[in-house]
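Tertiary structure, described
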Amino acid sequence: MDDTQISGDLTHVLFTKEEVAERMTALAAEIDRDYADKDLLLVGVLNGAVMVMADLSRALKIHCRMDWMAVSSYGSGTQSSGVVRILKDLSTDITGVDVLVVEDIIDTGLTLSYLISNLRSRSPASIKIMTAFRKPEAARNAVDVAYVGFDIPNEFVVGYGLDYDGHYRNLTSVGTLAKHVYS
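Notes on the structure in this doc start here. (Residues numbered from 1 in each chain as written. Predicted model: local features only at pLDDT ≥ 70, side-chain atom pairs only at ≥ 80, totals over all residues. Heavy atoms only, no water.)

Brief notes about the sheet that holds strand 8 (residues 157-158)
For the record, the criterion: Following DSSP output, two strands are said to pair if at least two bridges run between them. For the purposes of this entry, the term helix denotes a DSSP run of H or I that reaches at least four residues, the term strand denotes a run of E that reaches at least two, and both are numbered from the N terminus.
Read from one edge of the open sheet, three strands run 1-9-8, paired in antiparallel fashion. A single partner strand is all that each edge strand has here, and the edge strands are strand 1 (10-15) and strand 8. As judged from the two bridges shared by strand 8 and strand 9 (residues 174-177), these two strands associate in the antiparallel manner. Opposite V158, over in strand 9, you have G175 as the bridge partner.

A closer look at the pattern of salt bridges
Note that side chains of opposite charge can pair when their charged atoms are close. Here is the rule we go by: A pairing counts as a salt bridge when a side-chain nitrogen of Lys or Arg comes within 4 Å of a carboxyl oxygen of Asp or Glu. Partly exposed residues are those whose accessible area sits between 20% and 50% of the maximum for their type, while under 20% is buried and over 50% is exposed, using a 1.4 Å probe and protein chains only.
According to the stated counting rule, one finds nine salt bridges in the structure shown. Residues R134 and D151 are paired through a salt bridge, measuring 2.7 Å at the closest nitrogen-oxygen approach. You can see R134 sitting in strand 6 (residues 126-134) and its partner D151 sitting in strand 7 (residues 147-151), a full 17 residues away along the chain. The shortest N-O distance in the salt bridge between D163 and R169 comes to 3.2 Å. Its relative accessible area of 22% is what places D163 among the partly exposed residues. Given the relative accessible area of 21%, R169 is considered partly exposed.

As for the environment of L10
The condition is simple: We call two residues contacting when some pair of their heavy atoms lies within 4.5 Å.
Within the secondary structure layout, L10 lies in strand 1. Residues L10 and L60 lie 50 residues apart in sequence; the distance between their C-alpha atoms is 32 Å. Apart from the residues lying within four places of it in its own chain, the contact partners of L10 are D3, V158, L171, G175, T176, L177 and A178.

Some points on helix 1 (residues 17-34)
As a reminder of what qualifies: Multiply 1.5 Å by the residue count of a helix minus one, and that product is the helix's expected span. The directions from the helix axis to the C-beta atoms are what the arc is built from.
The end-to-end C-alpha distance of helix 1 is 26 Å, a good match for the 26 Å that 18 residues give at a rise of 1.5 Å each. Every buried residue belonging to helix 1 is among V20, M24, L27, A28, I31 and D32, and all of these are buried. The buried side chains of helix 1 occupy one side of the element, clustering within an arc of 145 degrees when seen end-on. Among the exposed residues of helix 1, those pointing more than 90 degrees away from its buried face are E18, E22 and R33.

Some details on unusual backbone geometry
The linkage connecting L46 with the following residue, N47, adopts the cis geometry, with an omega of 0 degrees. Positive phi, close to 50 degrees, is recorded for Y160, a residue that is not glycine. With relative accessibility at 7%, the residue Y160 sits in the buried group. Positive phi is not limited to glycine here, since Y168 has a value of about 80 degrees. Along the polypeptide, Y168 turns up in the loop between strand 8 and strand 9.

Comments concerning the packing of aromatic side chains
Selection rule: Stacked, tilted and edge-to-face are the three classes assigned to paired rings of Phe, Tyr and Trp, where Trp is represented by its six-membered ring and a pair needs centres within 6.5 Å; plane angles under 30 degrees give stacked, over 60 edge-to-face, the rest tilted.
Following the criterion strictly, the structure yields seven aromatic pairs and no others. Ring centres 6.4 Å apart and planes at 85 degrees place the aromatic pair F133 and Y160 in the edge-to-face group. Of this pair, F133 sits in strand 6 while Y160 is found in the loop between strand 8 and strand 9, placing the two residues 27 residues apart along the sequence. Counting every residue linked through ring pairs, the aromatic cluster contains F15, F133, F150 and Y160.

Geometric values such as these leave the question of function open.
In structure tokens, the structure reads:
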């Protein structure tokens, strides 16, 4: 789906499909360099990271394995509930493995802080974070992010895996959702 099909639902487009693709390719090149000769496991955080994980993994030149977790602090609204839950855990033992957590967005940092603490307790060789989007103004928990696609304003955004109540994930661009859609 592209933004012209839902133009009334967005106040503006932040990043086009082409801009996102270009940035994912650049991030993949950095990760290729940093993880050359390492056994890399990408851990995608469901559901939002599906698009990011697919594009990032295809842009990588190094071998990598993939696994998924589902962690949530959101209900059906636009604000974090503050309660973090693991909905789906890893299938892979990460002891001694270099782990790169792949996120769609870092908002408050609450969910990611919990996730990183949980994963560190499993004794990986290393753990780093990659996110397609980050809202620096919304941060409440400090998380060290190694790879950032784009810093964005503290607005409710959708597209490229980001959703509102399960909708808009398949939007190829990223835009600010109009308040009339969710008020």
